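Reading the structure
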Amino acid sequence: MSEMREDVLKVLISEEEIKRRVKELGKQITEDFAGKDIVVVSVLKGSVMFMADLLREIDVHTEIDFMVCSSYGSGVVSTGAVKMLKDIFLPIEGRDVIIVEDILDTGKTLHYIKDYLWARKPNSIQICTLLDKPERRQADINADYIGFVVPDEFVIGYGLDYDEHYRNLPYIGVLKPSVYSE
Ligand code: PRP
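This report concerns the structure included in the present document.

Rules and cut-offs
Residues numbered from 1 in each chain as written. Predicted model: local features only at pLDDT ≥ 70, side-chain atom pairs only at ≥ 80, totals over all residues. Heavy atoms only, no water. Core = buried A, V, L, I, M, F, W, Y, C linked by side-chain atoms within 4.5 Å. Buried < 20%, exposed > 50% of the residue type's maximum accessible area, 1.4 Å probe, protein only. Helix = DSSP H or I, 4+ residues; strand = E, 2+ residues; numbered from the N terminus. Contact = heavy atoms within 4.5 Å. 1 Å grid on protein atoms, 1.4 Å probe; cavity = no way out; pocket = protein on both sides within 12 Å on 5 of 7 lines; lining within 4 Å. Points joined across faces, edges and corners; volume = space filled by probe spheres on them. Nonpolar A, V, L, I, M, F, W, Y, C, P; charged D, E, K, R; others polar. Near = heavy atom within 4 Å. Polar contact = N/O pair within 3.5 Å; in protein donor to acceptor, adjacent residues only side chain to side chain. Areas by Shrake-Rupley, 256 points an atom, 1.4 Å probe, with all protein chains shown as cover. Pairing = 2+ DSSP bridges.

**Regarding the nonpolar core**
- Core analysis: the largest hydrophobic core is formed by 26 residues, its most contacted members being Ile29, Ile38, Phe50, Leu54, Leu131 and Ile172.
- If you list the elements that add at least two residues to this core, you get helix H1 (15–32), strand S2 (37–44), helix H2 (48–55), strand S5 (96–104), strand S6 (124–132) and strand S7 (145–149).
- Broken down by element, this core gets its largest block of residues, 4 residues, from H1.
- Those residues in contact with isoleucine 172 that lie beyond four places of it in its chain are Val11, Leu12, Ile13, Ile18, Leu130, Leu131, Val155, Ile156, Gly157, Tyr158 and Leu160.
- If you look at the next biggest cluster of nonpolar residues, it comprises 18 residues, including Val39, Ile92, Ala139 and Ile141.

**Details of the layout of surface pockets**
- Taken as a whole, the second largest pocket spans an internal volume of roughly 340 Å³.
- In the lining of the second largest pocket, the residues fall into 5 nonpolar, 4 polar and 5 charged.

**Side note on the site of the ligand**
- Close to the ligand lie 17 residues; Glu101, Asp102, Thr106, Gly107 and Thr109 are nearest.
- In this structure, aspartate 102 approaches the ligand through a side-chain N or O atom, which is 2.5 Å from an oxygen atom.
- A distance of 3.0 Å separates an oxygen atom of the ligand from a polar atom in the side chain of arginine 167.
- Calculation on the ligand without its partners gives an accessible area of 500 Å², and the protein chains cover 91% of this total.

**Some remarks on the sheet that holds strand S8 (residues 155–156)**
- Strand order in the open sheet formed by 3 strands is S1-S9-S8, and the pairing between neighbours is antiparallel. Looking at strand neighbours, the two that pair on one side only are strand S1 (8–13) and S8, the edges of this open sheet.

**Here we look at unusual backbone geometry**
- Here the bond from leucine 44 into lysine 45 is cis, since omega is 0°, no more than 30 degrees from zero.
- As for its position among the elements, lysine 45 is in the loop between S2 and H2.
- Located in the positive-phi region is lysine 121, a residue other than glycine, with phi close to 60°.
- Along the chain, lysine 121 turns up in the loop between helix H3 (108–118) and S6.
- With a phi angle near 55°, aspartate 163 is a residue other than glycine that sits in the positive phi range.
- Residue position: aspartate 163 is located in the loop between S8 and strand S9 (172–175).
- With relative accessibility at 38%, the residue aspartate 163 sits in the partly exposed group.

Below is the structure:
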């Protein structure tokens, strides 16, 4: 087996760029929610790195929770069917909620999650995504906070996987096509 980083075609967004942008997003959220007590919901597993780094840049009262939702099989192409595998524990009625995602792709996952959470009557729901791939959008959904707009390439790292691997790369990279066409 090759070393993990040998499977990366190119670095799309470096560690430094991610760090700088996450700081800006945290500052923006801190300003927008000044004086509030928010609930930040991470959609696992992809958002794990972004969530951990973003939270440390947010300076308002915050509770955190986690949700597991799956829309993809182990391959490259989305099946489109969203499944709720683990719900949040916190009550969110009347609360201001921020959903944290690693990527907004077809939008089917976030569309489903937003509807699902709205049913609990929160005061507001905002979406904060590290990456946005608008070219691939199928559902009518947009993010309120976007880290980076990315082209339609197979992105991995900083939480994003291919077949559950590469999440531990510290940057966002593009996977070599030979890896998934093998
Ligand atoms: C990925 C990603 C988003 C979703 C985006 O999750 O984390 O949740 O797909 O795709 P969409 O906009 O086309 O719905 P995945 O199901 O691969 O799970 P993971 O976070 O555990 O990698």
